[in-house]
Amino acid sequence: MKFLKPYILPIILFSLVFVACDNEIKFNGTEATTKMVMNSLLSPDSVVKVQLTKSLFFLKDDSKFETIDNALVKLFVNNQFTENLQFTTSGIYVGSYIPKPGDKIKITASNREFSEVSGETEIPEINPILSVDTTSIIMAEYPIPGNYDPVKNRSDTIGKSVTRQLNFIVYFQDRKDIANYYRIKVKLRHYFADGNYYDDLYSFHSDDLVFSSTDEGSITGESSISQYHEFSDDSFNGKKYGLKFSLYSTENDYFPGKDPFQQDGNGVSTYAPIKQEVHISLQSISESYYMYIKTRTVDNSGDYFSEPVQIFNNVANGIGFVGSYSPSNHVLELPVKYIVGYGGPD
């Protein structure tokens with residue numbers, strides 16, 4: 001009798017596993033009934049807007065949602081009918097009413113194909129930013145090399161590059177006796193000599209305790225902290241709180257006459273901004289918005305032992321999400337020589 005050599009058996013088993021993985025498993029169940037999907041995010045910054053689409057079976061291409069363009073969409077404010085929202089394009093309906101903090105908003109929608117669906121939210125009160133403290137720490141310095149000089153067999157140093165950690169503490173007063181939910185956004189605004197500007201939205205670095213995961217992480221060790229930086233007041237209910245985060249920048253200081261980007265006699269670069277600002281937005285968000293973000297951003301794709309996550313839904317008789325937020329904004333000027341980057345240290 002011949003026996004398999006020790007290294008042959010693992011190869012055969014490995015091959016069988018991959019052959020098995022290639023088998024197509026057909027879905028033998030029934031497709032769920034198509035439902036109306038209503039999505040709306042409201043704030044005191046703009047008029048009421050809602051988008052309506054049709055739900056898709058999970059095995060179909062989710063990039064081809066069919067919009068609903070023939071619905072009757074009604075807006076109720078504090079239990080009073082206010083207006084019919086008007087269809088614009090791509091399933092989007094817009095009204096003229098601008099919500100106010102404390103408003104209880106209800107939106108209903110129906111047409112000949114679908115019975116009435118509805119979603120409700122209360123516009124949160126604004127929790128204003130009281131102050132922002134800033135500090136700057138030099139993390140590293142490096143020489144900036146110029147053009148290579150074959151005679152000297154080296155490159156001249158034309159300046160130095162400085163890496164800085166820009167630390168921010170945002171102070172605000174949490175309201176007492178109620179559960180409060182927040183989200184913080186940070187963007188950098190660049191102004192140019194021609195009067196134009198553009199914004200960069202930054203996923204900043206923070207080790208603040210409010211962003212810490214409440215579990216032990218997934219089986220693969222991945223972090224479950226959301227990229228949207230939402231948090232609750234569980235750890236500081238009713239107290240003044242200082243929320244900490246950091247940005248990282250590179251500052252290039254060139255020696256006089258050595259800046260390769262200088263375009264005029266005054267040493268100003270045509271491509272460099274003439275002014276930079278850090279825009280901090282502390283959003284007081286509804287519980288529905290908080291729950292939607294928490295479930296929307298959970299990714300179990302790397303954890304093979306986890307259960308599927310059901311996205312938060314607060315639309316009665318349909319699918320979707322109606323939420324709200326009220327922002328408090330703070331602006332700080334940043335030196336134009338700081339080139340702000342993403343993330344933080346490894």
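Description of the structure in this document. (Residues numbered from 1 in each chain as written. Predicted model: local features only at pLDDT ≥ 70, side-chain atom pairs only at ≥ 80, totals over all residues. Heavy atoms only, no water.)

In the structure shown here, the tally under the stated rule is 19 aromatic pairs. Ring geometry for Phe168 versus Phe245: centroids 4.9 Å apart, planes at 10 degrees, classification stacked. Residue Phe168 is located in strand β9 (residues 154-173), and its partner Phe245 is located in strand β13 (residues 240-254); the two are separated by 77 residues in the primary sequence. Summarising the burial analysis for this pair, Phe168 and Phe245 share the class buried. Taking 5.8 Å as the distance between ring centres and 15 degrees as the angle between the ring planes, the aromatic pair formed by Phe192 and Tyr198 counts as stacked. Pairwise contacts between aromatic rings join Phe172, Tyr182, Phe211, Phe231, Phe236 and Tyr241 into one cluster. The aromatic ring of Phe76 is capped on one face by Lys106, whose charged end is 6.0 Å from the ring centroid. A cation over a ring is seen here: Lys240 above Tyr171, with NZ or CZ 5.2 Å from the ring centre. (Phe/Tyr/Trp six-rings, centres within 6.5 Å; stacked < 30°, edge-to-face > 60°. Helix = DSSP H or I, 4+ residues; strand = E, 2+ residues; numbered from the N terminus. Buried < 20%, exposed > 50% of the residue type's maximum accessible area, 1.4 Å probe, protein only. Lys NZ or Arg CZ within 6 Å of the ring centre and 35° of its normal.)

Those residues of helix α2 (residues 287-296) that fall on the buried side of the exposure criterion are Ser288, Tyr289, Tyr290, Ile293 and Thr295. Lining the buried residues of α2 we find β1 (36-42), β7 (117-122), β10 (181-191), β12 (230-232), β14 (275-285) and β16 (319-334). (Contact = heavy atoms within 4.5 Å.)

Here the focus is the nonpolar core. If you look at the biggest cluster of nonpolar residues, it comprises 27 residues, and the most contacted ones within it are Phe168, Phe231, Leu247 and Ile280. The set of elements that each furnish at least two residues to this core consists of β8 (129-149), β9, β10, β13, β14, β16 and β17 (338-341). Among residues more than four places away in sequence, those in contact with Ile280 are Ile129, Val132, Phe168, Val170, Ile184, Lys185, Phe245, Ser328, Asn329, His330 and Leu332. Within the second largest apolar cluster, 22 residues are counted, among which are Val48, Ile68, Ala71 and Val322. (Core = buried A, V, L, I, M, F, W, Y, C linked by side-chain atoms within 4.5 Å.)

Before going further, it helps to spend a moment on the pattern of salt bridges. Applying the stated criterion to the full structure yields 9 salt bridges. The salt bridge involving Arg164 is made with Glu251; its shortest N-O contact spans 2.6 Å. Taken together, the positions of Arg164 in strand β9 and Glu251 in strand β13 put the pair 87 residues apart, joining distant regions of the chain. You can call Arg164 buried: its relative accessible area is 16%. Residue classification places Glu251 among the buried residues on the basis of a relative accessible area of 2%. Among the salt bridges present, the one from Lys275 reaches Glu277, with a minimum N-O distance of 3.3 Å. (Salt bridge = Lys/Arg side-chain N within 4 Å of Asp/Glu carboxyl O.)

Attention now goes to the side chain of Asn111. Mapped onto the fold, Asn111 is located in the loop between β6 (104-110) and β7. Only 3.0 Å separates the side chain of Asn111 from the backbone nitrogen of Glu113, close enough to count as a polar contact. One polar contact links the side chain of Asn111 to the main-chain amide nitrogen of Phe114, over a distance of 2.8 Å. Residues contacting Asn111, with those up to four places away along its chain left out, are Met36, Ile68, Asn70 and Ala71. (Polar contact = N/O pair within 3.5 Å; in protein donor to acceptor, adjacent residues only side chain to side chain.)

Assignment of secondary structure puts Ser212 in the loop between β11 (197-202) and β12. Looking at Ser212, the relative accessible area reads 38%, which means it is partly exposed. Spatially, the C-alpha atoms of Ser212 and Phe231 are 9.3 Å apart, while their sequence positions differ by 19 residues.

Let's shift gears to the pairing of β7. In the sheet, β6 pairs with β7 via 6 bridges, with the strands oriented antiparallel. Across the sheet, the residue bridging to Lys106 is Glu120, located in β7. In terms of strand pairing, β7 meets strand β15 (residues 315-316) through 2 bridges, oriented antiparallel. Bridge pairing links Gly119 to Val315 in β15. (Pairing = 2+ DSSP bridges.)

By themselves, these observations are geometric and do not establish any function.
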